[in-house]
Structures are given as C-alpha cells and as structure tokens.
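Descriptive structure summary
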Amino acid sequence: MSEHKHTPDVTVDARGAGCPGPLMDLIGKVKTADEGTVIELQTTDAGSKDDVPEWLDKAGHELLDIVDQGDYWSIYVRKA
Amino acid sequence: MQRILIVGGGTGGTVLANRLSTKLDDEIDADEVEVRLVNDGPDHVYKPVYLYVAFGQREPEDALRPLSDLVNPRVTLDVDRVTDVDTDAKRVTRHDGGELDYDYLVLATGATLVPEETPGLVEGGHHFYGPEGAENLRDALADFEGGRVVFSVVGTPHMCPAAPIEFTLMVEDWFRERGMRDEVDVHYTYPIMRLHGKQSISDWAEPRFADRDIETHTFFNVEEVDPEEQVLHTVEGESLDYDLLVAIPPHRGDDLIVESGLGDDGWVEVDRNTLEATAAEDVYAIGDTAAAPAPKAGSVAHYEAGVVAERLASSVHGHVPTETYHGKTICFMEAGMDDATYVSFDYENEPVMRDENKFVHWAKLAYNESYWLTARGLL
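Because the structure is predicted, anything quoted here is derived from the model rather than measured. (Residues numbered from 1 in each chain as written. Chains lettered and ligands numbered in written order. Predicted model: local features only at pLDDT ≥ 70, side-chain atom pairs only at ≥ 80, totals over all residues.)

**Concerning the overall build of chain A**
Looking only at helices and strands, chain A features two helices and four strands. Ordered by position in the sequence, the α and β elements of chain A form the string β-α-β-α-β-β. The C-alpha radius of gyration computed for chain A amounts to 11 Å, which stays within 12% of the reference 12 Å derived for 80 residues, consistent with globular compactness. Overall, the C-alpha framework of chain A stretches about 30 × 30 × 20 Å when taken along its three principal axes. Counting over 80 residues, chain A shows a buried share of 40%. Within chain A, contacts between residues separated by at least 24 positions form 63% of all contacts whose residues are at least 6 apart in sequence. (Helix = DSSP H or I, 4+ residues; strand = E, 2+ residues; numbered from the N terminus. Rg over C-alpha atoms; globule rule 2.2 N^0.38 Å. Buried ≥ 20, exposed ≤ 12 C-beta atoms within 10 Å, placed from the backbone. Contact = placed C-beta atoms within 7 Å.)

**What to know about the sheet that holds strand S6 (residues 82–86) of chain B**
All names here are of chain B. Pairing is antiparallel across the open sheet formed by three strands, whose spatial order is S6-S7-S8. On the outer flanks of this sheet lie S6 and strand S8 (98–101), each paired with one strand and no other. For this sheet, the mean angle separating the axes of adjacent strands, direction not counted, is 20°. In the sheet, S6 pairs with strand S7 (residues 91–94) via four bridges, with the strands oriented antiparallel. Pairing of Val85 across the sheet is with Val92, part of S7. (Pairing = 2+ DSSP bridges. Axes fitted to C-alpha atoms, helices over the stretch in contact; angles between N-to-C directions.)

**Some points on the nonpolar core**
Residue and element names in this part refer to chain B. By size, the foremost hydrophobic cluster in this structure holds 128 residues, and its most contacted members are Leu16, Val106, Val268, Leu275, Ile286 and Val308. Broken down by element, the residue count for this core peaks at 10 residues, all from helix H10 (residues 298–316). No fewer than three residues from each of domain 1 (2–111 + 253–316) and domain 2 (116–250) sit in this core. Sequence-distant contacts of Ile286, that is, excluding residues within four places in its chain, are made with Gly12, Leu16, Val106, Ala108, Leu275, Ala301, Glu304, Ala305 and Val308. (Core = buried A, V, L, I, M, F, W, Y, C linked by C-beta atoms within 7 Å. Domains from an automatic or database assignment.)

**Brief notes about the domain arrangement of chain B**
All names here are of chain B. The domains assigned to chain B are domain 1 (2–111 + 253–316) and domain 2 (116–250). Look at where the C-alpha atoms of domain 1 and domain 2 centre, and you get two points 31 Å apart. In this assembly, 13 residues from domain 1 lie in contact with 20 residues from domain 2. Along the lines of polarity and charge, the residues of the side of domain 1 that touches domain 2 split into nine nonpolar, one polar and three charged. (Nonpolar A, V, L, I, M, F, W, Y, C, P; charged D, E, K, R; others polar.)

**Digging into H10(B)**
All names here are of chain B. When the terminal C-alpha atoms of H10 are compared, their 27 Å separation across 19 residues agrees well with the 27 Å that a helix rising 1.5 Å per residue should span. Burial runs high along H10: 14 of the 19 residues are buried. A positive phi of about 80° marks Gly318, the residue just after H10. (Expected span 1.5 Å × (residues − 1).)

**Some details on the confidence of the model for chain B**
Counting all residues, the mean pLDDT for chain B is 96, and 100% of those residues have values of 70 or more. Of the two predicted TM-score estimates for the complex, the pTM is 0.93 and the ipTM is 0.79. (pLDDT = per-residue confidence, 0-100.)

**A closer look at the sheet that holds strand S4 (residues 73–78) of chain A**
All names here are of chain A. Spatially, the four strands line up as an open sheet ordered S1-S2-S4-S3, and their pairing is mixed. A strand with exactly one partner marks an edge of an open sheet, and here the two such strands are strand S1 (10–13) and strand S3 (62–68). Neighbour-to-neighbour, the strand axes of the sheet open up by a mean angle of 20°, direction not taken into account. As defined by bridge partners, strand S2 (residues 38–43) adjoins S4 across six bridges and the pair is classed as antiparallel.

So, in structure tokens, the structure goes:
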C-alpha cells in the first residue's frame with residue numbers, strides 16, 4: 001500500500017474544485033514553496049491525473065505518486 | 001446580549017450585515033443582539049468598476065460609496081482595523097478601539113494584491129484591480145502607439161476569474177474601434193493547459209480568440225518580469241517579449257488570518273457548505289476570504305452572505321442552522337466593448353455557455369449601477 005509512503009510538507013485540498021481548478025491551486029502552491037517541498041494535491045477531478053503530470057513534466061518538477069483514496073486522488077509532487 | 005462581529009465591509013460583509021439587520025431587527029431593537037461591522041476605512045468599494053476605468057469609461061470614485069449610506073442603522077458601524085483574532089478567548093483587538101468580545105465572528109477581509117511577490121512585476125506590469133492601477137493602465141493604453149500587448153495571469157487564485165478573458169476581448173476590440181488593430185499584437189497567457197480554469201469557458205473563448213487573432217500561451221507561469229528588456233520569464237523556461245504588459249498580480253488574504261492560525265496565505269479554511277472555519281468554533285468566512293472551492297467573485301460573496309445570515313439567525317434563535325452553500329456563482333462576461341455573455345454554475349454543475357449579445361452587455365452595465373441595491377441587502 002502506498003498511502004503512507006510520502007509525507008507531505010503541504011497539503012492542497014482541491015476536492016470539489018471547481019474554478020479555477022486543482023492544477024491552478026497546485027501551481028500557486030508550487031510557485032511559493034521552497035525547493036524540495038513535498039506537496040499533496042487532493043483532487044476529485046479525474047482530469048487532474050493527466051493535467052498535473054503534463055505540467056510537472058513541462059515545469060520540471062517531480063511526480064512522486066498518484067494514490068486512489070476511494071472518493072478522491074492524492075497526487076504527490078516534489079518541487080525541483 | 002449576543003454579539004455578531006463582521007470584519008470587512010466589502011460585498012460579503014456589507015450584504016451580511018444588512019441581511020442580519022432585517023432578520024434580527026426585533027432582537028437588535030430589544031438589545032438582545034448586536035450586529036457590528038468593522039471596516040478599515042469609511043468606504044465600500046465595488047471593484048468591477050475598475051475594469052471600465054482602464055478603458056476610460058468610468059472614474060475610480062464611481063467604485064466608492066460611504067458604508068454609512070449603505071448599512072442599515074441597526075448595524076453598529078466601526079471604522080477601525082482589526083489587528084488580532086483570538087478564537088479561544090473569542091475576542092478581537094482593534095488598532096484604535098481596543099478589544100472586542102464576540103459570540104459569532106465572520107471574517108470577510110477579502111483579497112489584497114501582492115505584485116511584489118513576482119520580481120519585476122511592479123515596475124514592468126499594469127493591472128486594473130485598484131484605482132491607481134486602473135488609472136495608470138488607462139493612460140498607458142491611451143498613449144500606446146502599437147506593438148505587442150501581453151495579458152498575463154500571473155497570480156492564482158485571483159479575484160474575478162472572468163476578468164482575464166473579458167479584458168483580453170475588450171482590449172482587442174478597443175484597439176479595433178480606434179483604428180489601431182493592425183498595429184497591435186494581442187497575446188494572452190494562462191497558467192494551465194487551457195484558456196480558463198473552467199473547461200466550458202475555455203472552449204467558449206478558444207474560437208473567439210482564434211477568430212480575433214489573439215495569440216495564446218498555456219502552461220505559462222511567470223516567474224520574473226524583466227522591465228528593462230520588457231520580457232517575461234516563466235517557471236517552465238519560456239520567455240515572451242512585450243511592449244505593454246497587463247497582468248493579474250498575485251493575491252493574498254489578510255495577515256490576520258495567517259497569524260490567527262485559520263488558514264495559509266490568508267484564506268480561511270472552511271467547510272465548503274457551512275462556511276464555518278475548520279480551526280475554530282463560531283467563526284465563519286465568506287467571499288474572497290474563504291478557501292472554499294468557489295471563485296473569488298462578488299456573486300459568491302453575495303450568496304455566501306445570504307447563507308451565513310440564515311445560519312447565524314438560526315443560532316441566535318436557538319435552532320440548529322441548516323442553510324448551506326453549494327457553490328452558486330453568476331458572472332457576467334464581456335466579449336468585447338459592446339457584447340457580453342453570462343455564466344452560472346455551482347460545485348456540481350459546469351457553466352452552460354451562451355453566445356454573446358448586446359443585451360447582456362447592457363444588463364451587465366445596468367447591474368453595475370443596481371449593485372448598490374445588492375450591497376444594501378435588497379437585490
């Protein structure tokens with residue numbers, strides 16, 4: 001089980017979002033976080049599973065894991 | 001005496017104070033309830049006016065009305081700044097007036113611009129989110145002789161998520177009306193992979209931007225502005241030159257909220273339906289202040305204020321509060337200088353997009369005047 005593998009420094013709860021969207025919430029947090037910060041994005045938007053990795057790839061940050069929590073997903077990210 | 005303390009006299013705080021003053025009129029008259037509104041200035045500000053200031057169509061003072069003219073006399077109006085919140089003692093401290101105890105606290109302190117968080121943005125960029133910014137932009141647009149106009153969403157979350165699309169379509173049309181469109185390139189940048197946070201709004205904007213020759217840049221997150229060379233640099237490693245930069249600056253909530261432990265970045269963590277703070281008892285947050293998954297928009301503050309007024313009235317009457325907020329949002333959206341559309345959505349339902357027309361544009365302008373009835377709690 002991977003639920004406890006990553007301990008986030010910061011959690012972004014974007015469940016139910018919504019405008020402007022979980023990815024935007026994550027980007028806002030990544031921009032102000034220190035290098036190496038592990039961020040957990042909680043999202044109920046299935047699209048986040050594609051959008052977030054696509055942006056991380058473009059921006060050069062690390063995707064640690066995507067965990068299905070039942071009624072939402074946790075996407076773990078490390079800021080490069 | 002039950003004391004309801006509202007901090008912040010923007011749309012949310014003002015509508016709430018007025019709704020409570022009518023719902024609890026008998027209790028207020030009998031000195032059983034006090035509704036107090038504390039604001040750090042004497043005026044209420046209706047921010048949507050500033051978009052029109054940038055195009056020379058309104059004046060900054062059109063956005064202001066004295067709170068004393070808008071707020072029901074049953075509300076105790078207190079012009080002061082709250083500097084500390086102690087949610088354990090249920091007490092706030094004011095800059096001038098000392099301490100105040102409360103039974104129920106509503107935080108409606110709103111959003112503040114922090115362009116200084118992005119290096120070079122203060123020197124290199126314009127915005128229309130305040131009186132000075134809008135006037136400076138008006139003058140810059142009027143003086144602009146041609147070149148590349150870049151509209152960039154730098155900060156998220158930001159007030160009025162419709163504004164980036166509105167401004168871009170308006171400025172394109174404005175240059176066309178002035179006979180300058182051939183001398184101007186219009187560019188639009190957005191942080192995620194589409195043109196707006198909402199898929200349906202992005203799908204609406206995309207063909208309109210293409211038809212009107214507006215160049216778009218997605219996954220574009222500005223890290224730094226070089227005002228000397230007039231270049232944007234992004235966290236994704238891209239660069240974009242500009243001759244005139246108009247940006248949505250980064251936003252923050254009030255420091256008070258961070259210091260009181262109610263939420264990161266100044267946005268109060270709340271239950272998205274009850275709007276009660278998750279970290280303290282008998283504390284609500286509404287409008288831009290609440291970290292609910294709803295836009296930072298006036299209509300959200302307005303509807304949330306209505307919900308919290310019902311909940312507080314229930315609590316005062318000794319009932320269990322049952323009224324809840326479900327993300328209701330309505331936004332007018334200009335599609336140029338003479339056409340507009342509108343969108344409505346909530347937590348569960350995506351916006352249904354409609355073609356723009358002149359009638360909705362007139363409706364938007366008419367609502368901007370009748371807004372003062374909303375602030376009074378009437379509309």
